[in-house]
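Listed here are the chains, written in short residue letters.
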Amino acid sequence: GIQVEQSPPDLILQEGANSTLRCNFSDSVNNLQWFHQNPWGQLINLFYIPSGTKQNGRLSATTVATERYSLLYISSSQTTDSGVYFCAATKSSGDKLTFGTGTRLAVRP
Amino acid sequence: GAVVSQHPSRVICKSGTSVKIECRSLDFQATTMFWYRQFPKQSLMLMATSNEGSKATYEQGVEKDKFLINHASLTLSTLTVTSAHPEDSSFYICSAIGDNRKLFFGSGTQLSVL
């Protein structure tokens with residue numbers, strides 16, 4: 001199956017800082033999504049982005065499908081951004097999302 | 001939006017008993033739902049794909065007789081952990097595909113087996 005790796009595994013930011021999270025995948029994909037899991041376990045869908053760039057408020061994401069990576073940008077981070085960020089991908093010939101290893105983010109006040 | 005409701009949020013049970021977890025799509029119909037398991041500080045592992053009106057598809061290594069899945073309607077899937085053991089203790093999460101192929105999750109169920 002497809003391999004999905006994320007970096008960095010852990011990240012500590014001061015409130016107001018910007019950050020970039022990376023997701024590498026081992027195969028061509030037809031589906032890539034970013035999620036945020038809050039400290040209580042709830043997963044929120046941030047982006048559906050198999051290719052191109054999208055923005056939603058302080059968050060934006062870019063997927064370069066030909067180079068098999070996706071980036072999630074967080075600007076002006078807030079303490080409520082803390083939690084774990086997962087990317088998940090489906091290979092073009094498959095139908096199931098495979099989740100990456102996650103990036104654990106802590107934003108300090 | 002696409003709201004997925006999961007119940008209960010937390011359950012504690014004795015070894016040998018069975019526990020049922022419900023997953024409902026509140027504002028959309030879901031012909032397919034997914035059940036995941038997550039251990040502390042780890043990623044999500046797909047357990048099975050639940051298909052409305054047909055048998056679930058289980059991932060390799062997941063015991064279908066232990067983790068019973070029923071998807072009897074377009075808005076409800078249930079996961080029953082039968083004859084629970086302490087090693088079944090985990091965080092279980094359901095999800096469904098909503099608008100534009102986006103995956104939406106329930107709030108999860110923390111199962112503790114004593």
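Shown above is the structure to which this text applies.
In this text the structure is predicted, and so the values were computed from the model without any measurement.

Caption draft 1: The arrangement of the sheet that holds strand S8 (residues 76-81) of chain B in detail. Residues and elements named next belong to chain B. Pairing within the open sheet is antiparallel, and its four strands lie in the order S1-S3-S8-S7. Every interior strand has two partners, whereas the edge strands, strand S1 (4-7) and strand S7 (67-73), have only one. Neighbouring strand axes in the sheet, compared pairwise and without regard to direction, differ in orientation by 15° on average. Relative to strand S3 (residues 19-25), S1 runs antiparallel, the two sharing four bridges. Considered in S3, the bridge of Gln-6 is made with Cys-23.

Caption draft 2: Molecular detail of the packing of aromatic side chains. Residue and element names in this part refer to chain B. Throughout the structure, instances matching the rule amount to seven aromatic pairs over all chains. Between Tyr-36 and Phe-105, the ring centres sit 5.7 Å apart and the planes meet at 50°, which makes this aromatic pair tilted. Taken together, the residues span a long stretch of sequence, with Tyr-36 in strand S4 (residues 32-38) and Phe-105 in strand S10 (residues 103-105) at a distance of 69 residues. Just as Tyr-36 is buried, Phe-105 falls in that class too.

Caption draft 3: Molecular detail of the state of the cysteines. Residue and element names in this part refer to chain A. Counted under the stated rule, the structure contains two disulfides over all chains. Note that Cys-23 is cross-linked by a disulfide to Cys-87, the S-S spacing being 2.0 Å. Its torsion about the S-S bond being 75°, the disulfide of Cys-23 and Cys-87 is classed as right-handed. Of this pair, Cys-23 sits in strand S3 (residues 19-25) while Cys-87 sits in strand S9 (residues 83-91); the two residues are 64 residues apart in sequence, bridging distant segments of the chain. In this structure, Cys-23 and Cys-87 share a single accessibility class: buried.

Caption draft 4: The arrangement of the sheet that holds strand S6 (residues 52-56) of chain A in detail. Residue and element names in this part refer to chain A. Strand order in the open sheet made by the five strands is S1-S3-S8-S7-S6, with antiparallel pairing throughout. Whereas interior strands pair on both sides, the edge strands pair on one side only; in this sheet they are strand S1 (4-7) and S6. Between one strand axis and the next, the sheet turns through 15° on average, direction left out of account. Across six bridges, strand S7 (residues 59-64) lies against strand S8 (residues 69-74) in antiparallel orientation. Across the sheet, the residue bridging to Thr-63 is Ser-70, located in S8.

Caption draft 5: Structural view of the pattern of salt bridges. Going through the model one piece at a time under the given rule, you end up with five salt bridges over all chains. Glu-59 of chain B is the partner of Lys-96 of chain A in a salt bridge, and the nearest nitrogen-oxygen pair spans 2.9 Å. A residue pair is termed interchain when its members come from two chains, as with Lys-96 of chain A in the loop between S9 and strand S10 (98-99) and Glu-59 of chain B in the loop between strand S6 (57-58) and S7. Judged by relative accessible area, Lys-96 of chain A falls into the partly exposed class, the value being 32%.

Conventions adopted
- Along every chain, residues carry numbers that run from 1 in the direction the sequence is written.
- By the order in which they are written, chains take letters starting at A while ligands take numbers starting at 1.
- It should be noted that, the model being predicted, local features are given only for residues of pLDDT at least 70 and side-chain atom pairs only at 80 or more, the latter also being counted only at that level, while totals for whole chains, interfaces and linings use all residues.
- The side-chain numbers reported here are obtained from all heavy atoms of the structure, hydrogens and water having been left aside.
- We treat two strands as partners when DSSP finds at least two bridges between them.
- By definition, any uninterrupted DSSP run of H or I lasting at least four residues is a helix, any uninterrupted run of E lasting at least two residues is a strand, and each is numbered from the N terminus.
- Only the stretch in contact is used when fitting a helix axis, every axis being a line fitted to C-alpha atoms; angles between N-to-C directions are given from 0 to 180 degrees.
- Between 30 and 60 degrees the pair is tilted, below 30 it is stacked and above 60 it is edge-to-face, where a pair is any two Phe, Tyr or Trp rings, Trp via its six-membered ring, whose centres lie within 6.5 Å.
- For the exposure calls, accessible area comes from a 1.4 Å probe over protein chains only, and a residue counts as buried if that area is under 20% of its type's maximum, exposed if over 50%, partly exposed in between.
- The disulfide definition used here is simple: a pair of cysteine sulfur atoms within 2.5 Å.
- The salt bridge definition used is simple: a Lys or Arg side-chain nitrogen within 4 Å of an Asp or Glu carboxyl oxygen.

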